[in-house]
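Structure at a glance
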Amino acid sequence: MKNFGIAAFVAALVMASAAVAQVSELRIMAPAGPGGGWDQTARTIQSTLQSEGLVPNIQVENVAGAGGTIGLQQFVNRSTGDAAATIVGGYVMVGAIIANESNVTLSDITPLARLTGEYVVVVANADSPINSAEDLANALRADIGGVTWAGGSAGGVDHIAAGKFAQAAGVAPEQINYIPYSGGGEALAAILGGQVSVGVSGFSEFSSQIEAGALKVIGITAPERQAYLDSPTFVEQGFDVDVQNWRMIAAAPGISDAERAALLDVIGMMAASDKWNAELETKGWVNTYLAGDDFAAYLAEQITATTAILADLGITE
């Protein structure tokens, strides 16, 4: 048993050394503004890979707009065949590509791995008269256009969550007054400034203001209460809204099988590290690691399902 442990340790060191030797540099595009979930994901990848000694040289670049599709277009145009180029994205980008009828899609890049999952929270300014899911539903029933929602891109997970709540409240989801923002920081400013009725996004984007008491949680789109948030779910308040965001990392199109394998090795070791999982816990993210061909198949299923959801919600034809 002792010898097996030593052998396993040596094998892990050899694998880590090989991966580091093959991946000496990474550039990560966060296709959104600073402060949002993709930006946080990219910078958490950066800090973890560097602190774990997996990749010594990493840079993060922000390219905001249109639910990630502007960044995606730039990434594809300039990164083909570049093994050091990566991009983060997720469920939001799937919906934005469909809603914006983007010329570039996720089939134009090289999927690597799903990394995290996160439920969506709906919040209001601390001074808002909306205190619960029932209050929000009643406000929508009284004047659906008078309730303004601040969230991410049109057709993304925030928009889908808002639409699903509208359905559960018995109002037409296509009539909600949804205002898309290119970054979490801009949406947060609108909510805090009282420019909108409610905000919808991942918990991590609002967590500091929730803890400070500047924002109150109206509900979370989880099937059951989460350990990181002492607030009721929409389900327990009588509204069937269960939506989970997920985030991924992908590589450039046109890289070799060996380059893809090296990136998968590094990302796999990162996802298994204590540092990464500690970061996820503080942000309210769940480790939903799924890599390689399995993730590519999952991604294809998500695209098909999201196309149907957006049509049902009247977001697309």
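Let me sum up the structure you'll find in this document. (Residues numbered from 1 in each chain as written. Predicted model: local features only at pLDDT ≥ 70, side-chain atom pairs only at ≥ 80, totals over all residues. Heavy atoms only, no water.)

**Regarding the overall build of the protein**
Secondary structure summary: the protein contains 11 helices and 10 strands in total. Here the protein has a C-alpha radius of gyration of 20 Å; the compact-globule value for 317 residues is 20 Å, and the two agree. Across its three principal axes, the protein shows a C-alpha extent of roughly 65 × 45 × 30 Å. The buried share among the 317 residues of the protein stands at 54%. A sequence separation of at least 24 residues applies to 78% of the contacts in the protein between residues at least 6 apart. Summed over all atoms, the accessible surface of the protein reaches about 13,000 Å², with 51% contributed by carbon and sulfur. Between the averaged position of the 13 positive side-chain charges in the protein and that of its 33 negative side-chain charges there is a distance of 6 Å. (Helix = DSSP H or I, 4+ residues; strand = E, 2+ residues; numbered from the N terminus. Rg over C-alpha atoms; globule rule 2.2 N^0.38 Å. Buried < 20%, exposed > 50% of the residue type's maximum accessible area, 1.4 Å probe, protein only. Contact = heavy atoms within 4.5 Å. Areas by Shrake-Rupley, 256 points an atom, 1.4 Å probe, with all protein chains shown as cover. Lys, Arg positive; Asp, Glu negative; His and termini not counted. Charge placed at Lys NZ, Arg CZ, Asp CG, Glu CD.)

**Some remarks on the packing of aromatic side chains**
Across all of its chains, the model carries eight aromatic pairs by this definition. Taking 4.9 Å as the distance between ring centres and 40° as the angle between the ring planes, the aromatic pair formed by F203 and Y228 counts as tilted. Placement of the pair is F203 in helix α8 (residues 203-212) and Y228 in the loop between β8 (215-220) and β9 (244-251), with a sequence separation of 25 residues. Its relative accessible area of 5% is what places F203 among the buried residues. The partly exposed category is assigned to Y228, whose relative accessible area is 24%. Here the guanidinium or amino end of R114 rests over the ring plane of Y298, the centre of that ring lying 4.5 Å away. (Phe/Tyr/Trp six-rings, centres within 6.5 Å; stacked < 30°, edge-to-face > 60°. Lys NZ or Arg CZ within 6 Å of the ring centre and 35° of its normal.)

**Quick notes on the nonpolar core**
Ranked by internal contacts, the top residues of the largest apolar core, which has 84 residues, are W149 and F165. With eight residues, the top contributor of residues to this core is helix α9 (residues 257-272). Excluding residues that lie within four positions of it along the chain, F165 makes contacts with A133, L136, A137, L140, W149, F234, F239 and V241. Judged by nonpolar contacts, the second largest core, of 18 residues, contains Y181, I210, L215 and A222. (Core = buried A, V, L, I, M, F, W, Y, C linked by side-chain atoms within 4.5 Å.)

**Topic: helix α3 (residues 69-79)**
For α3, the complete set of buried residues consists of T69, G71, L72, F75, V76 and S79. All buried residues of α3 fall inside an arc of 155° around its axis, so they share one side. Contacts from the buried residues of α3 go to β1 (25-30), β3 (85-90), α4 (91-99) and β9. Positive backbone phi, approximately 80°, marks G81, located one or two places after α3. (Arc of directions from axis to C-beta.)

**Quick look at the environment of A168**
Looking at the secondary structure, you find A168 in helix α6 (residues 157-169). Residue classification places A168 among the partly exposed positions, given a relative accessible area of 34%. Residues A168 and M269, spaced 101 residues apart in sequence, show a C-alpha to C-alpha distance of 41 Å. In this structure A168 touches F239, D240 and V241, once residues within four positions along its chain are discounted.

**Comments concerning the packing of α4 against helix α11 (residues 292-312)**
Two quantities define a packed helix pair, namely the angle between the helix axes and the distance between the axes. It is the contact of α4 with α11, at a shortest axis distance of 10 Å, that shows an interaxial angle of 55°. If you check the angle between α4 and α11, you find them oblique. For α4 against α11, the interelement crossing comes out right-handed. Facing α4, whose interface residues are Y91, V94, G95, I98 and A99, α11 presents L299, Q302, I303, T306, T307, I309 and L310. Taken together, the residues that form the contact of α4 with α11 break down as eight nonpolar, four polar and no charged. (Axes fitted to C-alpha atoms, helices over the stretch in contact; angles between N-to-C directions. Parallel < 35°, antiparallel > 145°, perpendicular 65-115°, else oblique. Left-handed = near helix turned anticlockwise from the far one by under 90°. Nonpolar A, V, L, I, M, F, W, Y, C, P; charged D, E, K, R; others polar.)

**Some points on the side chain of K283**
Mapped onto the elements of the fold, K283 is located in helix α10 (residues 274-283). Classification of K283 as buried rests on a relative accessible area of 16%. Here the side chain of K283 touches E279 through a polar contact of 3.0 Å, side chain to side chain. (Polar contact = N/O pair within 3.5 Å; in protein donor to acceptor, adjacent residues only side chain to side chain.)

**Details of the pattern of salt bridges**
One pass over the full model with this rule turns up 11 salt bridges. The salt bridge partner of D82 is R27, with a shortest N-O separation of 2.0 Å. With D82 in the loop between α3 and β3 and R27 in strand β1, this pair connects stretches of sequence that are 55 residues apart. Exposure remark for D82: the relative accessible area of 24% places this residue in the partly exposed category. On the basis of relative accessible area, R27 is assigned to the partly exposed category, the value being 30%. Where E279 meets K275, a salt bridge forms, and the shortest distance between an N and an O atom there is 3.2 Å. (Salt bridge = Lys/Arg side-chain N within 4 Å of Asp/Glu carboxyl O.)

**Considerations on the pairing of strand β2 (residues 57-62)**
As paired elements, β1 and β2 share six bridges and run parallel to each other. Bridging across to β2, E25 finds its partner in N57. In this region the chain leaves β1, passes through helix α2 (residues 37-51) and returns to the parallel neighbour β2; the handedness of that crossover is right-handed. (Pairing = 2+ DSSP bridges. Right-handed = clockwise from strand over helix to strand, strands pointing away.)

**Quick look at the pairing of β3**
Among the six residues in β3, six count as buried, and that is most of the element. With three bridges connecting them, β1 and β3 associate as parallel partners. Pairing of M29 across the sheet is with I87, part of β3.

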